[in-house]
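An overview of the molecular structure
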Amino acid sequence: MKNSHSSNVKRVLHQSLRKIFSFFPRVVRFAVYRSFVDCDPKPDKCLVLKIAETREELEACFKLLHDAYVGSGFMQPHPSGMRISIYHALPTTTTLCAKFDGEVVGTISLIRESVFGFPLQSIFDLHELREKNGRIAEVSALAVHPKFRKTGGSILFPLMKFMYEYCTNFFDTRHLVIAVNPNRIDMYESLLLFKRLTENSVENYDFANGAPAIGASLDLHVAPENLKAVYGKKASHKNLYLYFVRMKLLNILMPGRRYFTTNDPVMTPELLDYFFNQRTQIFQHLKKREKGLLHSIYNHPEYQQVLPPYISESDLPIRQRMHQRYSLKCPGSFAVMGTETMDVYELQVIELSDEGFLAHAKEPLPINVQGEAHVRLGSTERSITKATVIHGKRKDSHGIYGFKLIESDLSWRKLVGALQSGATHEDVDNVAQLLPVPVNIAPLQ
């Protein structure tokens, strides 16, 4: 009881100080936040940053998050002692963790847009972001262990750098969005240069126990330039431009991938059952459409056994695709044969299936033409297929085009087979190794 009373007193005092600080001019507040920056280019070797993938790591992340949210008044205590949402069940969500001497001491989740959307899109207008190219992901579920909150960002800054590098190099994400309490938005605006969304604030955000929230976004394509303008002349330990963009932290363990996929799903049937059926009843309380969407995402027999009761496709409000699409980021080209010349267009394939693919192209492509697509599927594997451009849409200087396969090769079929058979990123690599190896792998021209 005494500890609880002391904690409440500290919380009230902290909130009072924050309220007083909020009356300072914006430029003063931002300068104060930036004065606290202390980014160590060589953190303690006991610190490891990685994707949370084991039951122990995920459970530690969810428990750390639960305690942080309960302590801040953003949720009521849950019997499981964990804070988990349906978004954590999706293959398009990645939970990052910071471990110090084997103990999880920090976590953050990245929720990329999918058929489930993401939490803040229900209350904030994202029209301006959607008008631009690039995928959107919500930064959510940030928590740092209490014993590391007063150590000058020794966990927070490495975790943020991990997030930045993962999103720019592995997660194929351009726009990061956040919904944070008004008394914490200054940190994201001043340090990371987030910009507020058009709708400034929401008085009651259900995802945070009805607390008010402010939405903001960060364009990772222009972030390096903006960070350099603000931090470029600062000392190295206070220079977030050098820290995020130039420096390499040996503490970060990026995922190993056989192919240029952009998701790192870790939820096995056992993990889904443990977190969403046994420890919580999240699956039981899903809406009819959500249950159907889960079945369309996890369409492997072993997953169907742990999902909520099956709903036939005719009962779903939105008919699901018959052919599953998979997210990638693969360089390539498309050659169209003319009567006397051959026109070659640079591509970046962003989705594929056994029927076709979607790709970005800087130059306008002709529609309803056949050609040959050369696509780098992984660091050592490429595919040469015949395809037809069936539709296209241009935004700004880029276009998104849909291709229908006429004839696929072994490399393409091998990758699709691995994606269809494996649900986690480890499964995909393991299945791919068992499938026939393509021949004549040569550098992509």
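This structure is a prediction, so every number in the text was calculated from the model and none was measured. (Residues numbered from 1 in each chain as written. Predicted model: local features only at pLDDT ≥ 70, side-chain atom pairs only at ≥ 80, totals over all residues. Heavy atoms only, no water.)

**Here we look at the overall build of the chain**
Within the chain, the secondary structure is distributed over 13 helices and 13 strands. Going through the 445 residues of the chain one by one, you find that 50% of them count as buried. Contacts in the chain between residues far apart in sequence, at least 24 positions, make up 68% of those at least 6 positions apart. (Helix = DSSP H or I, 4+ residues; strand = E, 2+ residues; numbered from the N terminus. Buried < 20%, exposed > 50% of the residue type's maximum accessible area, 1.4 Å probe, protein only. Contact = heavy atoms within 4.5 Å.)

**Examining a negative patch on the surface**
A grouping of Asp38, Asp40, Asp44 and Asp101 is seen on the molecular surface, where their side chains present a negatively charged patch. Along the polypeptide, Asp44 turns up in the loop between α2 (26-35) and β1 (47-51). Overall, the relative accessible area of 42% leaves Asp44 in the partly exposed class. (Patch = residues over 30% accessible without salt bridge, like charges linked within 9 Å, V, L, I, M, F, W, Y side chains within 5 Å. Areas by Shrake-Rupley, 256 points an atom, 1.4 Å probe, with all protein chains shown as cover. Salt bridge = Lys/Arg side-chain N within 4 Å of Asp/Glu carboxyl O. Lys, Arg positive; Asp, Glu negative; His and termini not counted. Charge placed at Lys NZ, Arg CZ, Asp CG, Glu CD.)

**Overview of the packing of aromatic side chains**
If you walk through the whole model with that rule in mind, you get 15 aromatic pairs. When the ring of Tyr164 is compared with that of Phe244, the centres are 5.6 Å apart and the planes differ by 35°; the resulting orientation is tilted. One end of the pair, Tyr164, is in helix α5 (residues 156-169); the other, Phe244, is in helix α8 (residues 240-246), and 80 residues separate them in sequence. Summarising the burial analysis for this pair, Tyr164 and Phe244 share the class buried. The interplanar angle of 65° and the centroid separation of 5.7 Å between the aromatic rings of Tyr243 and Phe244 together place this pair among those described as edge-to-face. Each member of the pair, Tyr243 together with Phe244, is buried. Among the aromatic side chains, those forming a connected cluster through ring pairs are Phe162, Tyr166, Phe170 and Phe171. (Phe/Tyr/Trp six-rings, centres within 6.5 Å; stacked < 30°, edge-to-face > 60°.)

**Digging into unusual backbone geometry**
At Ala141, a residue that is not glycine, the phi angle is positive and equals roughly 55°. Residue Asp172 is not a glycine yet carries a positive backbone phi of 50°. Relative to the helices and strands, Asp172 is located in the loop between α5 and β5 (175-180).

**Things to note about the pairing of β1**
Burial analysis of β1 places four of its five residues in the buried class, which makes it a mostly covered element. In this sheet, strand β2 (residues 93-100) lies alongside β1 in antiparallel orientation, the contact comprising five bridges. Bridging across to β2, Leu47 finds its partner in Phe100. (Pairing = 2+ DSSP bridges.)

**So, a nonpolar patch on the surface**
Taken together, the side chains of Phe24, Val27 and Val28 define a hydrophobic patch exposed on the protein surface, amounting to about 260 Å² of accessible area. With respect to the helices and strands, Phe24 occurs in the loop between α1 (2-21) and α2. On the accessibility criterion, Phe24 (38% relative accessible area) is partly exposed.

**Observations concerning the nonpolar core**
The nonpolar side chains of a soluble globular protein tend to be buried, and buried together. Residues Leu272 and Phe275 are the most contacted members of the largest nonpolar core, which totals 97 residues. For this core, the element with the most residues is α5, which contributes nine residues. With sequence-adjacent residues up to four places away left out, Leu272 is seen in contact with Ala89, Met267, Asn277, Phe283, Tyr298, Tyr303, Val306 and Leu307. (Core = buried A, V, L, I, M, F, W, Y, C linked by side-chain atoms within 4.5 Å.)

**Thoughts on the confidence of the model for the chain**
Note that predicted coordinates carrying low pLDDT should not be read in detail. Residues with a pLDDT of 70 or more make up 84% of the chain, whose mean pLDDT is 86. For residues 1-7, every residue scores under 50 in pLDDT, and the model assigns this stretch zero contacts once sequence neighbours within four places are set aside. When the criterion is pLDDT under 50, residues 437-445 qualifies, and its contacts beyond four places in sequence or with other chains add up to 19 contacts. (pLDDT = per-residue confidence, 0-100.)

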